[in-house]
Amino acid sequence: VTGAKVFVLFDTSNYMYRSGGFVFAQDAISDFIRSMDGPERVAFYSYSRDFTRATTLTPDRSEVLRAVRSTVNGSDSALYNALLITLRDASQFTGKRAIVVFSNGPDNASMVPPENVAELAQSIGVPIYMISTREARLDPVSTAVFERMSTNTGGRAFFARNWTEEAKAFEAVHNDLENLYVLSYYPLPNPNHGWREISVRLAGTKFRNLNVRTRSGYRPLPVQLNIAAAPAE
């Protein structure tokens, strides 16, 4: 499998404009996209109450950068709605995939609960990286949801206190994507249609200082969402 499919999801709700840092956020995302100089394909989506597929997966960085600069102010934040749609898009592909979310505030407009989103992400094997500002850290509910969702899918959550820290968070995500691997296995027939835990460990003392992050488990997908039938890239 060659490069990863990376879905970037950008918060353009009024939370972003309250902080006065919309342009700085665009800069951080643009630098992140430019940093992916390998075979990755990138899709760029934005959300407020509405959801916009600005670019579908493409190797053309210039097209994605133009989409980032064309984003405009929205209204309320429907993050979990947007994440669910992004996950469904990602489920149409096999191989290495990741979702990178920039969020500047809590969700106040979604129709779906975060638990449904996290469950689907775990089941299809897509790590979610959440990059948020200090505002979300001030909201204990959003903080807990962001941390739980990212950790359970094998991603990470970052709570940046300023725009410099956000740029560093994107750099950390980029480093992760350069070390992203796909492990697959076929379980034996199993009557358990509920939660199945996953544990991955490195064998050998020479790897004891290395850290492995994976999703914590999965639930078997319904037939209509089974990514085994998705087209390979």
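Residues numbered from 1 in each chain as written. Predicted model: local features only at pLDDT ≥ 70, side-chain atom pairs only at ≥ 80, totals over all residues. Heavy atoms only, no water.

## Structural notes on the environment of Ala4
Quick note on the threshold: Strands here mean DSSP runs of E at least two residues long; helices mean DSSP runs of H or I at least four residues long; both are numbered from the N terminus. For every residue, the accessible area (1.4 Å probe, protein chains only) is compared with the maximum for its type, and the residue is labelled buried under 20%, exposed over 50%, or partly exposed between those bounds.
Mapped onto the fold, Ala4 is located in the segment before strand E1 (5–11). What makes Ala4 buried here is its relative accessible area of 4%. Considered as a pair, Ala4 and Glu40 are 36 residues apart in the sequence and their alpha carbons are 4.9 Å apart.

## So, the nonpolar core
As a rule of thumb, nonpolar side chains are buried together in soluble globular proteins. Convention followed: Among buried residues, those of type Ala, Val, Leu, Ile, Met, Phe, Trp, Tyr and Cys that are joined through side-chain atoms within 4.5 Å constitute a nonpolar core. Working rule for contacts: check all heavy atoms of both residues, and any pair within 4.5 Å makes them a contact.
By size, the foremost hydrophobic cluster in this structure holds 30 residues, and its most contacted members are Ile29, Phe32 and Leu177. The set of elements that each furnish at least two residues to this core consists of E1, helix H2 (22–35), strand E2 (41–47), helix H3 (61–69), strand E4 (97–103), strand E5 (128–133) and helix H8 (163–177). The greatest single-element share of this core, amounting to six residues, is contributed by H2. With residues up to four places along the chain from it excluded, the contact list for Ile29 reads Val8, Phe10, Phe44, Val68, Phe102 and Phe170. One finds Phe7, Ala118, Leu120 and Met130 within the second-largest nonpolar core, a separate group that totals 28 residues.

## Points about the pattern of salt bridges
Our working rule: We define a salt bridge as a contact between a side-chain nitrogen of Lys or Arg and a carboxyl oxygen of Asp or Glu at a distance within 4 Å.
Tallying each qualifying case throughout the model produces eight salt bridges. For the salt bridge of Arg61 with Glu40, the shortest nitrogen-to-oxygen distance reads 3.5 Å. Of the two residues, Arg61 is situated in helix H3 and Glu40 in the loop between H2 and E2; the sequence distance between them amounts to 21 residues. Residue classification places Arg61 among the buried residues on the basis of a relative accessible area of 14%. A salt bridge links Arg161 to Glu165; the nearest nitrogen and oxygen atoms lie 2.7 Å apart. Here the salt bridges share partners, and the residues they tie into one network are Arg156, Asp176 and Arg213.

## Let's talk about the sheet that holds E5
The condition that has to hold: Two strands qualify as a pair provided that DSSP identifies no fewer than 2 bridges between them. To get an axis, fit a line to the C-alpha atoms, keeping to the stretch in contact for a helix; angles then go from 0 to 180 degrees between the N-to-C directions.
Spatially, the six strands line up as an open sheet ordered E3-E2-E1-E4-E5-E6, and their pairing is mixed. Edge positions in the sheet fall to strand E3 (51–58) and strand E6 (157–160), since each of these pairs with one other strand and no more. Each adjacent strand pair in this sheet contributes to an overall mean axis angle of 10°, direction not counted. Of the strand pairs in this sheet, E1 and E2 are connected by seven bridges, and their pairing is parallel. Within E2, the residue paired with Phe10 across the bridge is Ser46. Lying over the sheet, H3 contacts E2 and E3, oriented at roughly 165° with respect to E3.

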